[in-house]
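# Structural overview
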Amino acid sequence: MPSIHIFPHVRRHLPVSSGKLFDFFNRSNVLTGSSTLPFIVILTLASFLYCRTRKRPDGKHPIRILLTVPSGFKHIRQANIDTDLLSALAPKLPVATIILLLEHIAISKSFGRLNGYKINPNQELIAIGVTNTIGSVFGAYPATGSFSRSAIKSKSGVRTPAAGIVTAIVVIVALYGLTEAFWIRTAGLSIPSGESPPLEFIIWAAAVLITIFSSVKNGIYTSIAASLALLLIRLAHPRDSFLGKVIPPPTGVVIYRMEESILYPNCSMVNNALVSHVKAVYRRGCDMTNVSLADRPWNDYGPRRSGAEDQAENLKKPVLHAIVLDLARV
């Protein structure tokens with residue numbers, strides 16, 4: 001399970017004395033990638049202690065669990081094709097299949113871009129087909145892209161698909177030897193992965209609370225609606241920055257970083273940011289010394305000093321040579 005990493009965001013807004021506590025948490029890897037297991041153990045233990053003395057008269061617990069988990073593979077048989085069920089699902093299968101395949105390929109390309117390898121979509125589709133065909137013999141769920149497991153393997157430094165063999169061995173051992181120790185909820189929510197910004201953590205926390213105190217459906221609807229609103233806000237007001245404060249670029253070069261795609265809702269903001277920065281920092285292209293106020297545009301208030309002084313200040317600024325757009329985070 002990936003980790004929550006919100007301490008650096010909170011640390012910036014705290015005084016020095018309070019920030020030392022967060023620095024300690026960061027140095028000791030509390031709630032970060034190398035220390036997720038204690039977090040899981042604490043929550044599991046808290047759920048067990050809460051439920052063990054609150055058993056209802058009907059034998060159920062406040063937190064719904066799967067009760068007895070059967071061990072081993074008890075339903076290995078040839079897949080049974082129900083024609084009635086197939087005819088009922090046939091109208092919806094094409095759309096569902098396309099969405100699931102697009103999801104899988106999108107996840108694959110995302111991690112391929114992060115780890116520096118290319119994806120062959122045909123190979124991915126063949127792998128999904130073979131996996132689901134064999135899985136039908138075991139009564140398995142239909143398999144597509146895996147968000148959580150792919151993120152865990154990426155953070156763990158996995159480099160080859162051979163890691164799936166280790167995962168399969170652990171699952172088989174658990175199915176045959178550890179099912180009596182399972183205490184599993186019928187539904188659960190994972191922890192946000194990576195360095196989650198505070199807003200995304202708030203959305204996750206709201207979804208968890210609504211799921212616990214209302215229903216899973218309402219929690220899903222809340223998280224989807226909030227995530228969609230956050231996406232639209234980020235598209236309309238993209239996060240951007242001018243690089244070069246630590247290691248300055250060559251004179252006359254502007255490096256501008258965008259963290260969202262350049263679309264119609266935000267293209268004017270990108271243009272305004274670039275033009276305003278260039279006008280403020282770099283030399284003007286034409287000499288405005290001899291241009292009278294009557295010939296200036298109506299929104300150009302003119303120099304606040306004489307034309308010669310204005311031109312002298314302009315010549316002190318560097319000449320713009322290039323604008324570099326850093327779109328690595330898009």
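Reading the values: rules and limits
- Residues numbered from 1 in each chain as written.
- Predicted model: local features only at pLDDT ≥ 70, side-chain atom pairs only at ≥ 80, totals over all residues.
- Heavy atoms only, no water.
- Helix = DSSP H or I, 4+ residues; strand = E, 2+ residues; numbered from the N terminus.
- Buried < 20%, exposed > 50% of the residue type's maximum accessible area, 1.4 Å probe, protein only.
- Areas by Shrake-Rupley, 256 points an atom, 1.4 Å probe, with all protein chains shown as cover.
- Expected span 1.5 Å × (residues − 1).
- Arc of directions from axis to C-beta.
- Contact = heavy atoms within 4.5 Å.
- Axes fitted to C-alpha atoms, helices over the stretch in contact; angles between N-to-C directions.
- Parallel < 35°, antiparallel > 145°, perpendicular 65-115°, else oblique.
- Left-handed = near helix turned anticlockwise from the far one by under 90°.
- Pairing = 2+ DSSP bridges.
- Polar contact = N/O pair within 3.5 Å; in protein donor to acceptor, adjacent residues only side chain to side chain.
- Salt bridge = Lys/Arg side-chain N within 4 Å of Asp/Glu carboxyl O.
- pLDDT = per-residue confidence, 0-100.

This brings us to the overall build of the chain. The helix and strand inventory of the chain stands at 12 helices and 3 strands. Expressed as a percentage of the 330 residues in the chain, the buried residues total 21%. In the structure as shown, the chain presents an accessible area of about 24,000 Å², 64% of it carried by carbon and sulfur atoms.

Here we come to helix α9 (residues 198-213). The first and last C-alpha atoms of α9 sit 22 Å apart over 16 residues, in line with the 22 Å expected at 1.5 Å per residue. Those residues of α9 that fall on the buried side of the exposure criterion are I203, A207, V208 and T211. Seen end-on, α9 carries its buried residues on one side only, within an arc spanning 135 degrees. Residues of α9 that are exposed and angled more than 90 degrees away from the buried face: L199, I202, I212 and F213.

Next up on the list: the side chain of D326. By the secondary structure assignment, D326 is in strand β3 (residues 322-326). Classification of D326 as buried rests on a relative accessible area of 16%. Ignoring any residue separated from it by four or fewer positions in sequence, one finds D326 in contact with L243, I255, Y256, R257 and M258.

Before going further, it helps to examine the environment of I172. Relative to the elements of secondary structure, I172 occurs in helix α8 (residues 163-177). By relative accessible area, I172 is classed as partly exposed at 38%. For the pair formed by I172 and F73, sequence separation is 99 residues and the distance between their alpha carbons is 8.9 Å.

The geometry of α9 relative to helix α10 (residues 216-236) is characterised by a closest axis approach of 7 Å and an angle of 165 degrees between their N-to-C directions. When the axes of α9 and α10 are compared, the pair comes out roughly antiparallel. As for the relative orientation of α9 and α10, their crossing is right-handed in sense. Only V216, N218, G219, T222, S223, A226, S227, L230 and R234 of α10 make contact with α9, whose side of the interface consists of L199, E200, I203, A207, I210 and T211.

Now for helix α11 (residues 264-281). Relative to the 26 Å expected for 18 residues at 1.5 Å per residue, α11 spans 27 Å between its end C-alpha atoms, a close match to the ideal helical length. Buried-residue contacts for α11 involve α10, β1 (240-243), β2 (253-258) and β3.

Strands in a sheet are paired, the pairing made by backbone hydrogen bonds, and the direction either parallel or antiparallel. Here 3 strands make up an open sheet; going across it, the order is β1-β2-β3 and the pairing mixed. Strands with a single pairing partner mark the edges of an open sheet, and in this sheet they are β1 and β3. The mean angle between the axes of side-by-side strands here comes to 25 degrees, regardless of whether they run parallel or antiparallel. As defined by bridge partners, β1 adjoins β2 across 4 bridges and the pair is classed as antiparallel. Within β2, the residue paired with F242 across the bridge is Y256.

Between helix α5 (residues 93-115) and helix α7 (residues 147-156), the least distance of the axes is 11 Å, while the angle of their chain directions is 10 degrees. As judged from the angle between their axes, α5 and α7 are roughly parallel. Contacts between α5 and α7 involve E103, I107, F111 and N115 from the first element and F147, S150, A151 and S154 from the second.

Moving on: the side chain of R257. Position of R257 among the secondary structure elements: in strand β2. Of the polar contacts made by the side chain of R257, one reaches the side chain of D326; its length is 3.1 Å. Contacts of R257, omitting those with residues within four sequence positions, involve R239, D240, S241, L243, D326 and R329.

Take the pattern of salt bridges next. Scanning all chains against the criterion turns up 5 salt bridges. Of the charged contacts in the structure, one is a salt bridge between R257 and D326, with a shortest N-O distance of 3.1 Å. Pair noted here: R257 is in strand β2 and D326 is in strand β3, with a separation of 69 residues, a long-range link. Salt bridges linked by common partners bring R239, E259 and E260 together as one network.

The buried fraction of β2 is high, at 5 of 6 residues. Pairing geometry for β2 and β3, over 5 bridges, is parallel. Residue I255 lies in a different strand from β3, and its bridge partner there is V324.

Averaged over all residues, the pLDDT of the chain is 76; the fraction at 70 or higher stands at 79%. Across residues 1-19, confidence stays below pLDDT 50; counting only partners more than four residues off in sequence or on other chains, it has 49 contacts. Scored below 50 in pLDDT, residues 24-35 makes 16 contacts in the model with residues more than four places away or belonging to other chains.

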